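# Coordinate inspection notes
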Amino acid sequence: MQITIENIILIGSLLLLISIVAGKTSYKFGIPTLLLFLAIGILAGSDGIGGIQFDNPGVAQFIGIVSLNFILFSGGLDTSWSSVKPVLKVGLTLSTLGVLFTALGLGTFVYFITDFTLFESFLLGAIVSSTDAAAVFSILRGKNLGLKKDLRPTLELESGSNDPMAYVLTIAFLSLVQTPDKSLWSIVGLFLMQMSIGAAAGFLYGKLSKWIINNINLDFEGLYPVLAITLMFIVFSSTDALGGNGFLAIYICSVYLGNQNLIHKKTIMRMFDGLAWLMQIVLFLTLGLLVFPSEIVPYIGIGLIISLFLIFVARPLAVFLSLIPFRMKLRRRFYISWVGLRGAVPIVFATYPLLAGIDKANVIFNIVFFISVSSVLIQGTTLPIVAKWLHVALPSKAKPLSATDMLLEEKPKTILDEVLVSSHCQLIGKKIVELGFPKNVLIAMIERGDSYITPNGSTVIEDHDKLVVLTDKQEHLDEVRKVLGTYANEQEKHVEEEVNS
């Protein structure tokens, strides 16, 4: 079946519907949903029962990059800085040195067991060197798996921040394959430029995006997620145009925004949570359509050997070497080694050699595809079992809530009180989003003169406003009064000093 303008919407909708319905029941049999989406794409492809003809690596790469934007941005929004800060050094070490050691270790092994050149071997190692954010986020959250003492934020930080390193290594070794005379030191220069520009742009764009979202004053709440999507693409594309790593900029920007007070933040996070799932389905379906299973069969043997070496040797060795400077229990190191899931990202990166037209591009793509599938199948299905074996799992009742869960959690607000804004209060003229109240505090209504206002994040506090506050705990109400009282006392002290002078 040929994909045309007339049938693409129907075909796409049917594939999405099948994926969603099948995904609902997949975990009953212990099958990761992402693997199921991939299988549906393969079955619908040219070698499957659907017979859909799709052989365009360029389109697949474009869809992959767009999908990764949404997946990384959603993962960043859901990252709590308070949980990430204690494991920041560990996570960043894994996402840089860990990726480098994995690429070099696996590349060396591939060089000795295949007829690949040294740079081709390292290119294959670089493509599969990072853990996949889509796979880690969806499997850890989908399986409702609670982990002890900062393990989960470590794994999610690593998977969310290591794609830039793998991307830089992939592009660098691809250029060395194409021009073997190029100096190895060019990789170092490319890495430093991509990472430094990407990190700086991500932070600066995060601050700029916060200011835009909180000050643009759109008339419709539904436009705020659209604004966030627009800003996301601007961050990625402009950073890439400046020579930086757009994936790193996207992640840093979204982590910053996820830990700030934003107007209609719940609406934005709900939208991105749904879009991230949509993009994961679309990405895996597209990659499934791109694959020709008949071409993979000749590489199953070598693919299995490389995959097992990656899972049981290269990844653990890279983790243990990277974590030498840190104090950590052995079983925690082993579990971090096991959660080295490869998913869609390596397959997307494997399209770069295809588009570059190097000699072994098809061989690399098929081996990478097999590695990704076997990794999700072997590691993804056994995460809860291995966590119990290593005694790093928490009971489901003790599992901590994610940032999105906490924000979207609807606790009954049983405490109601009225708080008067005095004329000396420094909060006057500020928007509700800028007040810094606890997240579980809701300003249900504002009494202003003879009228009552239903506020939102952009509502500006005025003199003598009476805030009708709802919350679930008395200490939250006390904190509101403390914030108001602190501002009022500071202002009154300042006025008194001016009078006395």
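Here's what I pulled together on the structure shown here. Each chain has its residues counted from 1, running along the sequence as written. Only residues with pLDDT of at least 70 are given local features in this predicted model, and only at 80 or more are side-chain atom pairs given and counted; all residues enter the totals for whole chains, interfaces and linings. To obtain the side-chain values, all non-hydrogen atoms of the structure were included, while hydrogens and water were left out.

Our next topic: the overall build of the protein chain. Strands here are runs of E lasting at least two residues and helices are runs of H or I lasting at least four, both read from the DSSP assignment and numbered beginning at the N terminus. The helix and strand inventory of the protein chain stands at 22 helices and 6 strands. Relative accessibility thresholds used throughout: buried, under 20% of the residue-type maximum; exposed, over 50%; partly exposed, between the two (1.4 Å probe, protein chains only). Taking all 501 residues of the protein chain together, the buried fraction comes to 53%. Any two residues whose heavy atoms approach within 4.5 Å at even a single point are treated as in contact. Counted over contacts in the protein chain with a minimum sequence separation of 6, partners at least 24 positions apart contribute 80%. In these tables, accessible area is a Shrake-Rupley quantity obtained with a 1.4 Å probe, and a residue counts as shielded only by the protein chains included in the view. Accessible surface computed for the protein chain: about 22,700 Å², of which carbon and sulfur atoms make up 64%.

Let's shift gears to the sheet that holds strand 6 (residues 466-471). In spatial order, the strands read 3-6-4-5; together these 4 strands make up an open sheet with antiparallel pairing. In this open sheet, the two strands that pair with only one neighbour each are strand 3 (415-420) and strand 5 (451-453). Taken pair by pair, the neighbouring strands of this sheet meet at an average axis angle of 20°, ignoring direction. Examined bridge by bridge, strand 4 (residues 442-448) and strand 5 share 3 bridges and lie antiparallel to one another. Across the sheet, Arg 448 pairs through a bridge with Ser 451, a residue of strand 5. Two strands are counted as paired when DSSP detects at least two bridges linking them. For every element, the axis is a line fit to its C-alpha atoms; helices are fit only across the contacting stretch, and the angle between N-to-C directions ranges from 0 to 180 degrees.

The next thing to look at is the packing of helix 8 (residues 151-161) against helix 16 (residues 330-338). As a packed pair, helix 8 and helix 16 sit with axes 11 Å apart at the nearest point and diverge in direction by 35°. Classified by chirality, the crossing of helix 16 by helix 8 is right-handed. Between helix 8 and helix 16, the contacting residues are Leu 151, Thr 154, Leu 155 and Glu 158 on the first element and Arg 332, Tyr 335 and Ile 336 on the second. In terms of residue class, the contact of helix 8 with helix 16 is built from 4 nonpolar, 1 polar and 2 charged. Crossing handedness follows the turn of the near helix against the far one: under a right angle anticlockwise gives a left-handed crossing, and clockwise gives a right-handed one. Three residue categories are used. Nonpolar comprises Ala, Val, Leu, Ile, Met, Phe, Trp, Tyr, Cys and Pro, charged comprises Asp, Glu, Lys and Arg, and polar comprises the others, including Gly.

Moving on, we come to a nonpolar patch on the surface. A cluster of nonpolar residues, Tyr 111, Phe 112, Ile 113, Leu 118 and Ile 305, forms a patch on the protein surface that exposes about 490 Å² of accessible area. Looking at which element gives the most residues to the nonpolar patch, the answer is helix 5 (residues 88-113), with 3 residues. Residue position: Ile 305 is located in helix 15 (residues 300-322). Given the relative accessible area of 46%, Ile 305 is considered partly exposed. Put simply, a patch holds well-exposed residues, over 30% relative accessible area, that have no salt bridge, with like charges counted together within 9 Å and Val, Leu, Ile, Met, Phe, Trp or Tyr side chains within 5 Å. By convention in these notes, a salt bridge is any Lys or Arg side-chain nitrogen within 4 Å of a carboxyl oxygen on Asp or Glu.

With that settled, consider the pattern of salt bridges. For the structure shown, the criterion picks out 7 salt bridges. In this structure, the salt-bridge partner of Glu 120 is Lys 360, at a minimum N-O distance of 3.7 Å. You can see Glu 120 sitting in helix 6 (residues 118-127) and its partner Lys 360 sitting in the loop between helix 18 (351-356) and helix 19 (361-380), a full 240 residues away along the chain. Neither residue differs from the other here; Glu 120 and Lys 360 are each classed as buried. When the shortest N-O distance is used, the salt bridge between Arg 448 and Asp 465 registers 2.7 Å.

Once that is clear, we can look at the side chain of Thr 93. The residue Thr 93 is located in helix 5 in this model. When sequence neighbours within four positions are dropped, the list of residues in contact with Thr 93 reads Gly 98, Ser 322 and Phe 326.

Positive phi is not limited to glycine here, since Asn 217 has a value of about 55°. Among the secondary structure elements, Asn 217 is positioned in the loop between helix 10 (185-215) and helix 11 (223-241). The phi torsion at His 264 lies on the positive side, around 55°, for a residue other than glycine. Position of His 264 relative to the elements: it lies in the loop between helix 12 (246-258) and helix 13 (265-290).

This part is about the pairing of strand 4. In this structure, strand 4 lies alongside strand 6, joined through 5 bridges in antiparallel fashion. Across the sheet, the residue bridging to Ile 443 is Val 469, located in strand 6.

Attention shifts here to a positive patch on the surface. In this tally, Lys and Arg are treated as positive and Asp and Glu as negative; His is ignored, and so are the chain termini. Where a charge lies is defined by one atom per residue type, namely NZ (Lys), CZ (Arg), CG (Asp) and CD (Glu). Together, Lys 148, Lys 149, Lys 329 and Arg 331 make up a region of like positive charge exposed at the surface. Along the chain, the position of Lys 149 falls in the loop between strand 1 (146-147) and helix 8. Accessibility expressed as a relative area gives 67% for Lys 149, which makes it exposed.

So, about the nonpolar core. We call a set of buried Ala, Val, Leu, Ile, Met, Phe, Trp, Tyr and Cys residues a nonpolar core when their side-chain atoms join them within 4.5 Å. Judged by nonpolar contacts, the single largest core of 120 residues is most densely connected at Phe 272 and Tyr 335. The residues touching Phe 272, leaving out its near neighbours within four places in the chain, are Phe 70, Phe 73, Ser 74, Leu 77, Pro 225, Ala 228, Ile 229 and Met 232.

Two aromatic rings, drawn from Phe, Tyr or Trp (for Trp, its six-membered ring), form a pair once their centres lie within 6.5 Å of each other, and the interplanar angle then sorts them: stacked below 30 degrees, edge-to-face above 60, tilted otherwise. Evaluated as defined, the whole model comprises 14 aromatic pairs. Each member of the aromatic cluster is reached from another via a ring pair, and the members are Tyr 167, Phe 236, Phe 247, Phe 349 and Tyr 352.

Let us now look at the packing of helix 5 against helix 9 (residues 163-178). Where helix 5 meets helix 9, the axes come as close as 9 Å, and the angle between the chain directions of the two elements is 40°. One way to sum up the angle between helix 5 and helix 9 is to call them oblique. Read as a crossing pair, helix 5 and helix 9 show a hand that is right-handed. Here Ser 95, Thr 96, Val 99, Leu 100, Ala 103 and Leu 104 of helix 5 lie close against helix 9, whose contacting residues are Met 165, Ala 166, Leu 169 and Phe 173. Grouping the amino acids of the contact of helix 5 with helix 9 by side-chain chemistry returns 8 nonpolar, 2 polar and no charged. By the definition adopted for this analysis, an angle is roughly parallel if under 35 degrees, roughly antiparallel if over 145, roughly perpendicular if from 65 to 115, and oblique otherwise.

Right, let's get into helix 10. The end-to-end C-alpha distance of helix 10 is 45 Å, a good match for the 45 Å that 31 residues give at a rise of 1.5 Å each. Those residues of helix 10 that are buried are in contact with helix 9, helix 11, helix 12 and helix 13. The positive-phi residue at the C-terminal boundary of helix 10 is Asn 217, with phi of around 55°. Multiplying 1.5 Å by the residue count of a helix minus one yields the expected span of that helix.

A separate point is helix 9. Here helix 9 is 16 residues long and its end C-alpha atoms lie 22 Å apart, about the 22 Å a rise of 1.5 Å per residue gives. Extensive coverage of helix 9 is indicated by the burial of 14 of its 16 residues.

To continue, consider the environment of Ile 300. Considering the arrangement of structural elements, one finds Ile 300 in helix 15. The sequence separation of Ile 300 and Ile 367 amounts to 67 residues, and the corresponding C-alpha distance is 7.7 Å.

Another aspect to go through is the environment of Lys 430. Within the element layout of this structure, Lys 430 appears in the loop between strand 3 and strand 4. C-alpha separation for the pair Lys 430 and Ile 461, spaced 31 residues apart in sequence, amounts to 5.7 Å. Every residue in contact with Lys 430, bar those within four places of it in the chain, is listed here: Leu 435, Thr 459, Val 460 and Ile 461.

Bear in mind that shape data such as this cannot, by itself, settle questions of function.
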